[in-house]
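Here's the letter readout for the chains.
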Amino acid sequence: MLPTAESRPASTVSPVAHISGHVRIAAPIERVFDTAADSRNEPSFNPAMSDVELLTPPPIGLGTRFRAQMGKAGMVMLVELTEFDRPHRLGSRTTSSMMETSGALTFTAENGGTVMSWDWQVRPKGWLRTLGPLAGPLGGRMERRIWAGLKHMLENDEGARSS
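Note that this is a predicted model, so its numbers are computed, not measured.

Details of the packing of aromatic side chains
Summed over the entire model, instances satisfying the criterion amount to 4 aromatic pairs. Note on Trp118 and Trp147: the rings are 6.4 Å apart at their centroids and 35° apart in plane angle, and the pair reads as tilted. Remark: Trp147 occurs in helix 3 (residues 135-155) and Trp118 occurs in strand 7 (residues 113-124); sequence separation between them is 29 residues. The pair formed by Trp118 and Trp147 is uniform in burial state, with each residue classed as buried. Among the aromatic residues, those joined into a cluster by ring pairs are Phe33, Phe84 and Phe107.

This is the structure:
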């Protein structure tokens, strides 16, 4: 007997895109983690992010929330840290009118630097659901660009807040 495989009709699109990848950064693991954990740093390395505001009192940790604005239209996103295991794992959930993203960044020390990996589940909302199979590749390309910006900033010793 052959194993059964799940299939979907051609007109059905998955409501979830999985995005994962990694980047090697020539910076200490604690510095990479702290920079990524404080979302107020993101406009420094992600040109699509225009502003980020801390909504909860410091220090940065489990349950910390941020309000972020993307692009010229100022799309608002709410970010909440759902896991905080410094300097190894940083989980988050981001919600906006267009999508919900949840997952984690993981950090591994390697040869004096850091390998930062991401693993996200993206649930498009509204008309974005029609992108279906394109959501994963488009989101993956955006993530690689964002984290390449972090790599450039940290390897060129440009300023960032620490949590």
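From this point, the discussion proceeds with the structure in view.
Structural notes on the pattern of salt bridges
The full count for this structure, using the stated rule, is 8 salt bridges. Here Glu110 ties to Arg24 by a salt bridge, and the two come within 3.2 Å at their closest N and O atoms. Pair noted here: Glu110 is in strand 6 (residues 99-110) and Arg24 is in strand 1 (residues 17-25), with a separation of 86 residues, a long-range link. Put simply, Arg86 and Asp34 hold a salt bridge, and the shortest N to O gap is 2.7 Å. In this pair, Arg86 is assigned in the loop between strand 4 (75-85) and strand 5 (89-96) and Asp34 in helix 1 (residues 29-37), connecting sequence segments 52 residues apart. A relative accessible area of 44% places Arg86 in the partly exposed class. For Asp34, a relative accessible area of 11% puts it in the buried group.

A few points about the side chain of Ser92
Its location among the elements puts Ser92 in strand 5. The class for Ser92 is buried, based on a relative accessible area of 11%. Ignoring any residue separated from it by four or fewer positions in sequence, one finds Ser92 in contact with Val79, Glu80, Leu81, Thr82, Thr101, Ser102, Gly103 and Trp120.

Examining unusual backbone geometry
The omega angle of the peptide bond from Pro58 to Pro59 is 0°, so this bond is cis rather than trans. Examined against the element boundaries, Pro59 turns out to sit in the loop between strand 2 (49-54) and strand 3 (65-70). With an omega of -5°, the peptide bond running from Arg86 to Pro87 counts as cis. Mapped onto the secondary structure, Pro87 falls in the loop between strand 4 and strand 5.

Here's the deal with the sheet that holds strand 3
Reading across from one edge, 1-7-6-5-4-3-2 is the order of the 7 strands in this open sheet, with antiparallel pairing throughout. On the outer flanks of this sheet lie strand 1 and strand 2, each paired with one strand and no other. If you compare each strand with its neighbour and ignore which way they point, the axes differ by 20° on average. In this sheet, strand 4 lies alongside strand 3 in antiparallel orientation, the contact comprising 6 bridges.

Calculation criteria
- Residues numbered from 1 in each chain as written.
- Predicted model: local features only at pLDDT ≥ 70, side-chain atom pairs only at ≥ 80, totals over all residues.
- Heavy atoms only, no water.
- Phe/Tyr/Trp six-rings, centres within 6.5 Å; stacked < 30°, edge-to-face > 60°.
- Helix = DSSP H or I, 4+ residues; strand = E, 2+ residues; numbered from the N terminus.
- Buried < 20%, exposed > 50% of the residue type's maximum accessible area, 1.4 Å probe, protein only.
- Salt bridge = Lys/Arg side-chain N within 4 Å of Asp/Glu carboxyl O.
- Contact = heavy atoms within 4.5 Å.
- Pairing = 2+ DSSP bridges.
- Axes fitted to C-alpha atoms, helices over the stretch in contact; angles between N-to-C directions.

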